[in-house]
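One-letter residues, chain by chain:
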Amino acid sequence: MAAPSLTGATLPLQSLKSQAEKELSECLDSMRGKKALVLDPSISGPLGLITEKQLLKDKGVERTYHLSKGNLDTDQRQILYIVRADIPSMKIIADQIHAHIKENMTKEYKVLLVPRKSIICERVLEEEGVYGNVSLGEFAMDLIPVEEDVLSMEMPMSFRECFLEQDRTSMYYVARAIMKMQAAFGGIPVVRGKGVCSKAVMDLLIRMKRESGYQELPGEQMIDELVMIDRNVDMVTPMLTQLTYEGLIDEVFRINNGIAEVDPSMVAAQQQGQAPKRVKVALNSNDKVFQDLRDSNFSIVGTGLKKRALLLQQVEQERHKLQGQGVSEIKDYVKRLKEMNIQQEKSLLSLHTNMASEIGKHYGLCC
């Protein structure tokens, strides 16, 4: 699935994406030659936003697996894990290594922990008796450009860790990511926050700046102000039903890393005898229909789709009027066709018409 182009972003987010891709490339190079890549399922989606599959192939990845319980059946001698720095992941890796040893398989293992190495993870591997079999490293996957105006750190368990388990480790990662932003876009002159965790991040930022000797140079700021708000300051908003088109797509189909899974019939005609399964569709700024309608109230989505369909019909009908026209008129028409990309427009209109219809049925709404 294509990642958002980021060309319309207010900030040059492409630089962050390029930096993340470079760091991933260096991690893959840390184990040279052909290898199997084992990813935490929660990491594979964000990685798709910063790189293409071709990079993995170029770096010797023969096959990619998702980390799961049970034996890891692979012919590759080298196995590279990129996983969350948590205890369950370490135990799964240990079990897979023990299974290979039991079957007299000689393998090389490297484990890259996201977002950084953890003493607890090292201790678990020691207790499981496999610490000497693995090489440990880290991959600081922090700022992921999800859209032209959205950066995500992809830490789904941070709220639970901070407020239920009283583990504020993720606050360090947030502060480190903000320092990374300032290195890329200049210092942020005004930083405000509300909540205990926001205060902790602000204190960490002050300490990091002091320890690193960071100095803000005049005239280089691209961000005027940073506002941080703890999630527990507003616990009601996440419980409300969204009314925008994008919000309702998320409610009905779920959007993860700019990807929604829909029924195959919404995308194309299903082949006879084919087992039904979900089809992944990219929902980002590359989809011009979605881009125009995503923030619209669902009540006017139908009108928006109808307008685009009529415009498409009008452009196609103009083709019949070209007989007897001059070269310049024909040239202008062809240019317009290229700009619209008729076939893609038709496919996107069909997809979003079907999705809007399904949302309407789900909530008993009329769009």
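Quick summary incoming for the structure in this document. The numbering scheme is per chain: residues are counted from 1 as the chain's sequence reads. In keeping with the model being predicted, local features are shown solely for residues with a pLDDT of at least 70 and side-chain atom pairs are shown and tallied solely at 80 or more, while totals for entire chains, interfaces and linings include all residues. Each side-chain value is worked out from all heavy atoms of the structure, with water and hydrogens disregarded.

## Some details on the overall build of the chain
Cut-off, in case you're wondering: Note on conventions: DSSP H or I runs of at least 4 residues are helices, E runs of at least 2 residues are strands, and numbering of each starts at the N terminus. The buried label applies to any residue whose accessible area, calculated with a 1.4 Å probe on protein chains only, is under 20% of its type's maximum; exposed applies above 50%, and partly exposed to all values in between. Here, two residues are considered to be in contact whenever any of their heavy atoms come within 4.5 Å of each other. Computed by Shrake-Rupley with a 1.4 Å probe, the accessible areas treat only the displayed protein chains as cover when residues are assessed.
Scanning the chain from N- to C-terminus turns up 13 helices and 12 strands. Expressed as a percentage of its 367 residues, the buried residues of the chain come to 40%. Of the contacts made within the chain by residues no fewer than 6 positions apart, 74% connect residues no fewer than 24 positions apart. Carbon and sulfur atoms form 51% of the exposed surface of the chain, whose accessible area is close to 21,200 Å².

## Some thoughts on a nonpolar patch on the surface
We count it as follows: Exposure above 30% relative accessible area and no salt bridge define the residues that can form patches, which grow by joining like charges within 9 Å and nonpolar side chains of Val, Leu, Ile, Met, Phe, Trp and Tyr within 5 Å. Salt bridges are identified by distance alone: a Lys or Arg side-chain nitrogen within 4 Å of an Asp or Glu carboxyl oxygen.
A surface patch of nonpolar side chains, about 270 Å² in accessible area, is lined by V227, I229 and V233. Positionally, I229 belongs in strand 9 (residues 225–229). Residue classification places I229 among the exposed residues on the basis of a relative accessible area of 59%.

## With respect to helix 2 (residues 41–50)
Which entries qualify depends on this criterion: Throughout, the arc means the angular range of directions from the helix axis out to the C-beta atoms.
Within the sequence span of helix 2, burial applies to I43, P46, L47, L49 and I50. Each buried residue of helix 2 lies within a common arc of 150 degrees when the element is viewed along its axis, so the set occupies one face.

## As for the pairing of strand 6 (residues 144–147)
To be explicit about the condition: Here, any two strands with at least 2 DSSP bridges between them count as paired.
Where strand 6 and strand 7 (residues 150–152) come together, 3 bridges link them in antiparallel fashion. Looking across to strand 7, one finds that P145 is bridged to L151. Counting the residues between successive antiparallel strands, the hairpin from strand 6 to strand 7 contains 2 residues.

## A closer look at the environment of G304
Mapped onto the fold, G304 is located in helix 11 (residues 301–317). You can call G304 buried: its relative accessible area is 17%. Through-space distance from the C-alpha of G304 to that of D292 is 8.5 Å; in sequence the pair is 12 residues apart.

## Here's the deal with the pattern of salt bridges
One pass over the structure, following the stated rule, counts 13 salt bridges. The salt bridge involving E225 is made with R192; its shortest N-O contact spans 2.5 Å. Residue E225 is found in strand 9, and its partner R192 is found in strand 8 (residues 190–194); the two are separated by 33 residues along the sequence. Judged by relative accessible area, E225 falls into the partly exposed class, the value being 38%. When salt bridges with common partners are traced through the structure, they connect E23, D142 and K180 into a single cluster.

## Regarding the packing of helix 11 against helix 13 (residues 342–363)
Condition: Where helices are involved, their axes are fitted lines through C-alpha atoms of the stretch in contact, as for all axes, and angles between N-to-C directions lie from 0 to 180°. Oblique is the label for any angle not under 35 degrees, not over 145, and not in the 65 to 115 range, which are roughly parallel, roughly antiparallel and roughly perpendicular in turn. Take the far helix as the reference: if the near one is turned anticlockwise from it by less than a right angle, the crossing is left-handed, and if turned clockwise, right-handed.
Contact geometry of helix 11 with helix 13 gives a least axis separation of 11 Å together with a crossing angle of 155 degrees. With respect to each other, helix 11 and helix 13 are oriented roughly antiparallel. The crossing of helix 11 and helix 13 is left-handed. In this structure, helix 11 uses V301, L305, R308, A309, L312, V315 and E316 to contact helix 13, whose residues at the interface are I342, E345, K346, L349, H352, T353 and A356.

## Observations concerning the layout of surface pockets
A probe as big as a water molecule, rolled over the atoms, marks out the empty space that is left. Test applied: In the cavity and pocket records, a cavity denotes points on a 1 Å grid over the protein atoms alone where a 1.4 Å probe fits but cannot get out, a pocket denotes an open set with protein on both sides within 12 Å along at least 5 of 7 lines, and lining residues are residues with an atom within 4 Å of a point. Grid points are joined across faces, edges and corners, and a volume is the space filled by probe spheres set on the points. Only Asp, Glu, Lys and Arg are considered charged, only Ala, Val, Leu, Ile, Met, Phe, Trp, Tyr, Cys and Pro nonpolar, and every remaining residue, Gly among them, polar.
Size it by volume and the second largest pocket reaches roughly 1,100 Å³. L151, M153, V174, M228 and I229 are the residues nearest the centre of the second largest pocket, which is lined by 35 residues in total. Broken down by secondary-structure element, the contributors of at least two residues to the lining of the second largest pocket are strand 7, helix 6 (158–164), helix 7 (169–185), helix 8 (196–212) and strand 9. Tallied by class, the residues present in the lining of the second largest pocket amount to 24 nonpolar, 5 polar and 6 charged.

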